[in-house]
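Next come the chains, spelled out residue by residue.
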Amino acid sequence: MIPIIYKAIRKGFSLMRNLAYTPYNKLLFYLNGVNFGKSLKVRGIINVHVTRRGRVALGEKVRINSGSYHNVIGRQQTTIFWVEGNLKIGNNSGLSSTAIICLNEIIIGQNVLIGGNCVIYDSDFHSLNPQDRKDRLKDRSNAKSTKVIIKDNVFIGSHTTILKGVTIGKNSVIGACSVVTKNIPENEVWAGNPISFIKKIEN
């Protein structure tokens, strides 16, 4: 009997939290100047930081999970949007415990699924020149940053890292725990570190 009561109470608290998450996170987005569709759904608390020159636009029916209660596959983290450039996420896309660090431009298409604990970076963050790294200003100013594009209908497996300058073609699948450092053609499955071709996707 006690386990049944406990589970009922736990379910009740979960329902109450879920009712509060989306309005709270919409307020965070609004205060950061983020444009988002009315149908945005968020479970958990997100971390949003958009600078004065940063621009963020989320399409309709975007879904976001954040944290251990809402992404139970392990190695959970808060979903993070750190934007100094231009970030766009298309309609009906979903991400879970994902960190997006956008200093230049990141474009995510429609119907894209991004698995738990993925990270997307459009910058090296530091200069590759060891002399530059001795000076914090030179280190940052000489760090390379290049656009990332993830096209429509892409599925990115959990714990994947996507680095600067990458385009992932439409309908493609990236296997879990991959490190994406080069362009991926459309309609293909790739995986691994370094990432390599697995097979074509039959339509």
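Our structure's up above, just so we're on the same page.
Source: prediction; values computed, not measured.

Trainee: In this structure, what is going on with the environment of Val 154? I would like to understand it.
Mentor: With respect to the helices and strands, Val 154 occurs in the loop between strand S12 (148–150) and strand S13 (155–156). According to the relative accessible area criterion, Val 154 is buried, its value standing at 1%. Taking the C-alpha atoms as reference points, Val 154 and Val 112, 42 residues apart in sequence, are found 4.9 Å from one another. When near neighbours in sequence (up to four residues on either side) are disregarded, Val 154 contacts Asn 111, Val 112, Leu 113, Ile 168, Gly 169, Lys 170, Asn 171 and Ser 172.

Trainee: Please explain unusual backbone geometry as it appears in this structure.
Mentor: Most peptide bonds are trans, and most residues other than glycine sit at a negative phi. Omega for the bond connecting Asn 193 with Pro 194 falls within 30 degrees of zero, at 5°, which places this linkage in the cis form. Tracing the sequence through the fold places Pro 194 in the loop between strand S18 (188–191) and strand S19 (196–200). If you check the backbone angles, Asn 187 has positive phi at about 60° while not being a glycine. We classify Asn 187 as buried; its relative accessible area is 14%.

Trainee: Explain the nonpolar core here, please?
Mentor: In a soluble, globular protein the nonpolar side chains are often hidden away together inside. Membership of the largest hydrophobic core comes to 36 residues, with the highest contact counts inside it found for Phe 81, Ile 150 and Ile 168. Listing elements by their share of this core, those giving two or more residues are strand S2 (47–50), strand S3 (55–58), strand S5 (80–83), strand S6 (86–89), strand S8 (99–102), strand S9 (105–108) and S12. Excluding its chain neighbours within four sequence positions, the residues that come into contact with Ile 168 are Ile 149, Ile 150, Lys 151, Val 154, Ile 156, Ile 162, Ile 174, Val 180 and Ile 184.

Trainee: Can you walk me through the packing of aromatic side chains in this structure?
Mentor: Here a ring pair, both rings aromatic, is described through the centre-centre distance and the interplanar angle of the planes. Taken as a whole and judged by the stated rule, the model has four aromatic pairs. Centroid distance Tyr 121 to Phe 125: 5.2 Å. Interplanar angle 80°. Geometry classified as edge-to-face. In this structure Tyr 121 comes out as partly exposed when scored by relative accessible area, which is 24%. Measuring from ring centre to ring centre gives 6.0 Å for Trp 190 and Phe 197, while their planes differ by 75°; the resulting arrangement is edge-to-face. Aromatic rings pair up to connect Phe 29, Phe 36 and Phe 81 into one cluster.

Quick notes on the rules
- Residues numbered from 1 in each chain as written.
- Predicted model: local features only at pLDDT ≥ 70, side-chain atom pairs only at ≥ 80, totals over all residues.
- Heavy atoms only, no water.
- Helix = DSSP H or I, 4+ residues; strand = E, 2+ residues; numbered from the N terminus.
- Buried < 20%, exposed > 50% of the residue type's maximum accessible area, 1.4 Å probe, protein only.
- Contact = heavy atoms within 4.5 Å.
- Core = buried A, V, L, I, M, F, W, Y, C linked by side-chain atoms within 4.5 Å.
- Phe/Tyr/Trp six-rings, centres within 6.5 Å; stacked < 30°, edge-to-face > 60°.

On their own, these measurements won't tell you what the molecule is for.
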